[in-house]
Amino acid sequence: MIRKRLKEVLDRCFAAGVKEGIWPAEAADYTIEKPKHEGLGDFSTNLAMVAAGRVRKNPRELAGRLREMLNKECDLIDKIEIAGPGFVNFFLKNEVWQGVLPDICRRDKDYGPEAAGAGKKVLVEFVSANPTGPLSIGHGRQAVLGDAICRLLSAVGFEVSREYYYNDAGRQMRVLAGSLRARYLELSGVPCELPEDGYQGEYIYDIARDLLSEVGDSLRNSDDLAPFQKRAEQAIFKDINGTLERLGIKFDNYYNEHTLYDDGHIDDVVAKLRAQGLVYEKDGAVWFKTTNFGLEKDRVIIKSSGEPTYRLPDIAYHREKFRRGYDWLVDIFGADHIATVPDVMAGIKALGYDPDMVTVVLHQFVTLMRDGKQVKMSTRKATFVTVDELLDEVGVDVARFFFLMRKADSQLEFDLDLATRQSQENPVYYVQYAHARLTSIMKQAVENGVAAGELSEARLGLLVQPEELELLRTMAAYPGLVQKAAVDLAPHRLVFYLQELAAAFHSYYNKHRIISAEEVELSRARLWLAHGLRIVLYNGLTLIGVRAPEAM
RNA sequence: GCGCCAGUAGCUCAGCUGGAUAGAGCAACGGACUUCUAAUCCGUAGGCCGGGGGUUCGAAUCCCUCCUGGCGCACCA
């Protein structure tokens, strides 16, 4: 907000300067940012340096001209300094910062970004785990990441649809059904080996036990895998959905790969590609000429067995997403799925759609650390830790916060020792504690008869301590930060911001008293500051799906 | 061999569109509770931003190259 106001002033001066021939119009790509170090002002611009680079003039001289022009604009700016190689630093008036508080308090839960994406429809696909077993830690990261991204996009005005894509057919599911059948037979007294590459997890036994107690041994002589497959899928989806519910995640739609076959989309995609000469037969299989799109080699889309590979439905699925009329498609995949991305993009392009409308967020893996050592996980041996087990151990708030602490590109080391610590070093509690503390102060104030009074009568000009102004500056940056985090699909920035804001508050709290019977006016102003802080913390925590407790 | 991601303090990681003196948490060390919640704070220490070249007013950030780690490179998903 404030940056925007300053930018308008600066743009006006820049335009005037262009007219006078002081700097060229091409220098318009200058930026305005917050200096890294204290004492360099509230904002800073590189305008003079960018311009000087174009016309071979001394940047400090141009900075001087800029300052002269800006000196007439005094409603925001208190002081202007020229520093370093030619930065122009702005020191804004305290009133500017104090002025953000009424805005925050009045908007309350609505305080945040403007709806820049207004009306645009975005489809976010995430989790998309096939029903072959419980959600693992990696899925957990993806689920929370995807959910946070959705929340952010909604916050900036996008119309968000959350979709879970799954496949309940094919080899994987047959193996799953075979595994269940084996366990079922074993439990009903018929010795039976797991099929090759079978699912070894304990959860298969659980499903088998339920099945046995329900239908008895009536399936003992059945060679048909269908009832086993159906049973396994139902049970596993129930489990997955239970986990997602615990995490506070809801999907708008579950898209079954099978509908792509039923509705003829698979055949149609092949026909369309074939019509363009992008498909050929070799070794009994059907190949897609991905080399036409700059890729290294062609890929099989229909196996010699007649079964499509995952690529074909993936392409058809993405085409359906386009056809359903979204403005933006976001896919969230684990790093192990990277190989599919170029193939799908090639397919989309071949079918006449714009791959630039798809953004793929690839996230790296999660390693669990316990007692300073890595917890070894293997899906095959079923030694993985499930999201459910993690939630049992650390709770939803901690799990969500930890999953969001790293950018998607980084591998995430989940430190269970740190996560389970109920106090001190745990960053989740650190932020939550700030909110609880603020709540407690507000309550305390009422009990002591030092109520904040009317906002319109509060003397916010009394908030002149460096720590207070710093808090106000940070609070003012919140909407812009959320905005940027949303369009960049980077929720970790919000997590870092919240830690920063909490730290600034804790520090302030230890240095200054908010409630004071002697200085009533100051108390009132500070209580409004506390109120505003509480709003920003609450909104930020809510946006990442972490609770903002009133007491701890 | 090829592709993607990463390499920043002892450990885990931020660092947005290239900006000024490189940031946080944890761990370590030394302090602060008769006071609004000490799940807190203050202070100290800790760095060839993997190496080497380049681009420019200016590089952790961009380009090239090499090294290390992770993940891919199926007629699995």
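Description of the overall build of chain A
Step number 1: Looking only at helices and strands, one finds 20 helices and 15 strands in chain A.
Step number 2: Considered along the principal axes of its C-alpha atoms, chain A spans approximately 90 × 65 × 40 Å.
Step number 3: Sorting the 552 residues of chain A into buried and exposed places 51% on the buried side.
Step number 4: At a minimum sequence separation of 6, the contacts of chain A that also span at least 24 residues come to 72%.
Step number 5: Total accessible area on chain A stands at roughly 26,200 Å², and carbon and sulfur atoms take up 48% of it.
Step number 6: Charge centroids of chain A, computed over 70 positive and 80 negative side chains, lie 4 Å from each other.

Thoughts on the side chain of Asn539
Step number 1: Mapped onto the elements of the fold, Asn539 is located in helix 20 (residues 520–543).
Step number 2: According to the relative accessible area criterion, Asn539 is buried, its value standing at 8%.
Step number 3: A distance of 3.0 Å separates a polar atom in the side chain of Asn539 from the backbone oxygen of Tyr111.
Step number 4: In this structure, Asn539 is in contact with Asp108, Lys109, Tyr111 and Tyr478, ignoring residues within four places of it in sequence.

Describing helix 20
Step number 1: With 24 residues, helix 20 extends 34 Å between its outermost C-alpha atoms, agreeing within 8% with the 34 Å of an ideal straight helix rising 1.5 Å per residue.
Step number 2: Within helix 20, 17 of the 24 residues are buried, which leaves it mostly tucked inside the rest of the structure.
Step number 3: Taken from the residues just after helix 20, Gly545 is the one with a positive phi, measuring 75°.

Some thoughts on the environment of Leu153
Step number 1: By the secondary structure assignment, Leu153 is in helix 6 (residues 137–155).
Step number 2: According to the relative accessible area criterion, Leu153 is buried, its value standing at 0%.
Step number 3: Residues Leu153 and Val122, 31 residues apart in the sequence, show an inter-C-alpha distance of 8.4 Å.
Step number 4: Those residues in contact with Leu153 that sit more than four places away from it in its chain are Val122, Val124, Phe158, Val160, Trp328, Ala486 and Leu489.

What to know about the environment of Leu123
Step number 1: Among the secondary structure elements, Leu123 is positioned in strand 5 (residues 121–125).
Step number 2: Linking Leu123 and Glu163, residues 40 residues apart in sequence, is a C-alpha distance of 7.1 Å.
Step number 3: In contact with Leu123, not counting residues within four places along its chain, are Ser161, Glu163, Lys321, Arg324, Tyr326, Trp328, Leu329 and Val330.

A look at the pairing of strand 5
Step number 1: Here strand 5 lies mainly inside the structure; 4 of its 5 residues are buried.
Step number 2: Running through helix 6, the crossover from strand 5 to the neighbouring parallel element strand 6 (residues 159–166) is right-handed.
Step number 3: Here 4 bridges tie strand 5 to strand 11 (residues 328–334), and the two strands are oriented parallel to one another. Note that in strand 11 the partner of Val122 across the bridge is Trp328.

Brief notes about the pairing of strand 15 (residues 412–415)
Step number 1: Across the two faces of strand 15 the burial differs, with Leu412 and Phe414 buried and Glu413 and Asp415 not buried at all.
Step number 2: Of the pairings in the sheet, the one linking strand 13 (residues 366–370) to strand 15 comprises 4 bridges and is parallel in character. Along strand 15, the bridge assignment pairs Thr367 with Glu413.

Quick notes on the protein's contact with RNA strand B
Step number 1: His37, Phe87, Lys303, Tyr430 and Tyr433 are the nearest of the 62 residues found near RNA strand B.
Step number 2: A share of 69% is what sugar and phosphate atoms reach among the atoms of RNA strand B within 4 Å of the protein.
Step number 3: One of the side-chain nitrogen or oxygen atoms of Ser304 is found 2.8 Å away from a base oxygen of RNA strand B.
Step number 4: One of the side-chain N or O atoms of Arg406 is found 2.8 Å from a sugar or linking oxygen in RNA strand B.
Step number 5: In terms of residues, the surface near RNA strand B owes the most to one element, helix 17 (residues 427–447), which gives 8 residues.

A look at the nonpolar core
Step number 1: In this structure, Phe90, Leu153 and Phe414 are the most contacted members of the largest nonpolar core, which totals 151 residues.
Step number 2: If you look at the next biggest cluster of nonpolar residues, it comprises 20 residues, including Tyr165, Leu312, Ala346 and Ala350.

Considering the packing of aromatic side chains
Step number 1: Evaluated as defined, the whole model comprises 23 aromatic pairs.
Step number 2: Between Tyr111 and Tyr478 the ring centres are 5.9 Å apart and the planes differ by 25°, which places this aromatic pair in the stacked class. One end of the pair, Tyr111, is in the loop between helix 5 (100–107) and strand 5; the other, Tyr478, is in helix 18 (residues 466–487), and 367 residues separate them in sequence.
Step number 3: With 4.9 Å between their ring centres and 45° between their planes, Tyr255 and Tyr317 make a pair best called tilted.

Some points on the pattern of salt bridges
Step number 1: Evaluation of the coordinates by the stated rule reveals 36 salt bridges.
Step number 2: Residues Lys272 and Asp268 are paired through a salt bridge, measuring 3.1 Å at the closest nitrogen-oxygen approach. Here Asp268 and Lys272 lie together in helix 11 (residues 265–275), a separation of 4 residues that amounts to about one turn.
Step number 3: Counted as one network, the salt bridges with shared partners bring together Asp268, Lys272, Arg319, Glu320 and Arg323.

Remarks on the packing of helix 9 (residues 226–246) against helix 14 (residues 387–394)
Step number 1: At their nearest, the axes of helix 9 and helix 14 sit 10 Å apart, and the two run at 35° to each other. Note on packing geometry: the crossing formed by helix 9 with helix 14 is left-handed. Note on element contacts: helix 14 touches helix 9 through Val387, Asp388, Leu391 and Asp392, opposite Asp239, Thr243 and Arg246.
Step number 2: Of the residues assigned to the contact of helix 9 with helix 14, the class counts are 2 nonpolar, 1 polar and 4 charged.

Remarks on the sheet that holds strand 6
Strands belonging to one sheet form pairs held by backbone hydrogen bonds; the direction of such a pair is parallel or antiparallel.
Step number 1: Spatially, 7-6-5-11-12 is the arrangement adopted by the 5 strands of the open sheet, whose pairing is parallel. Because the sheet does not close on itself, it has two edges, and the strands there are strand 7 (253–256) and strand 12 (358–363). If you compare each strand with its neighbour and ignore which way they point, the axes differ by 25° on average.
Step number 2: Taken together, the 6 bridges between strand 11 and strand 12 define a ladder with parallel strand orientation. Counted as the bridge partner of Asp331 is Val360 from strand 12.
Step number 3: Together, strand 5, strand 6, strand 11 and strand 12 form the strand contacts of helix 6, whose direction differs from that of strand 11 by roughly 160°.

Regarding the sheet that holds strand 8 (residues 279–282)
Step number 1: An order of 8-9-10 is seen for the 3 strands of this open sheet, with the pairing classed as antiparallel. The outermost strands of the open sheet, each flanked by one partner alone, are strand 8 and strand 10 (299–302). Averaged over all pairs of adjacent strands, the angle between their axes in this sheet comes to 45°, without regard to strand direction.
Step number 2: Pairing geometry for strand 9 (residues 285–288) and strand 10, over 3 bridges, is antiparallel. Paired with Phe288 across the two strands is Arg299, which belongs to strand 10.

About the criteria used
Sequence order sets the numbering: in each chain, residues are counted from 1 along the sequence as written. To label them, take the chains in the order written and letter them from A, then take the ligands in the order written and number them from 1. Local features are withheld for residues below a pLDDT of 70 in this predicted model, meaning they are given only at 70 or higher, and side-chain atom pairs are given and counted only at 80 or more; totals for whole chains, interfaces and linings count all residues. Only heavy atoms go into the side-chain values, all of them from the structure, while hydrogens and water stay out. Only DSSP runs of H or I covering at least 4 residues are called helices, and only runs of E covering at least 2 are called strands; the numbering of each starts at the N terminus. When a residue's accessible area, from a 1.4 Å probe over protein chains only, is under 20% of the maximum for its type it is buried; when over 50% it is exposed; and in between it is partly exposed. Contacts: residue pairs with any heavy atoms within 4.5 Å of one another. Every accessible area reported is derived by Shrake-Rupley at a probe size of 1.4 Å, with residue values counting cover from the shown protein chains alone. Asp and Glu are treated as the negative residues and Lys and Arg as the positive ones, with His and the ends of the chain left uncounted. Where a charge lies is defined by one atom per residue type: Lys uses NZ, Arg uses CZ, Asp uses CG and Glu uses CD. Counting of polar contacts relies on pairs of N or O atoms within 3.5 Å, with two restrictions inside protein: one atom must be capable of donating a hydrogen and the other of accepting it, and residues adjacent in sequence are counted only when both atoms are side-chain atoms. Multiply 1.5 Å by the residue count of a helix minus one, and that product is the helix's expected span. For crossovers, right-handed means that the path from the first strand over the helix to the second runs clockwise, given strands pointing away from the viewer. At least two bridges found by DSSP between two strands are what make those strands a pair. Being near a molecule or strand, for a residue, means having at least one of its heavy atoms within 4 Å of it. Among the buried residues, those of types Ala, Val, Leu, Ile, Met, Phe, Trp, Tyr and Cys that are joined through side-chain atoms within 4.5 Å form a nonpolar core. Pairing of aromatic rings covers Phe, Tyr and Trp, the last through its six-membered ring, and needs centres within 6.5 Å; plane angles under 30 degrees mean stacked, over 60 mean edge-to-face, and all others mean tilted. In what follows, salt bridge is the name for a side-chain nitrogen of Lys or Arg lying within 4 Å of a carboxyl oxygen of Asp or Glu. Angles here are taken between N-to-C directions and fall from 0 to 180 degrees, while the axes themselves are lines fitted to C-alpha atoms, restricted in helices to the stretch in contact. Handedness of a crossing is defined here by the sense of rotation of the near helix relative to the far one, left-handed for an anticlockwise turn of less than a right angle and right-handed for a clockwise turn. The residue classification treats Ala, Val, Leu, Ile, Met, Phe, Trp, Tyr, Cys and Pro as nonpolar and Asp, Glu, Lys and Arg as charged. All others, Gly included, are polar.

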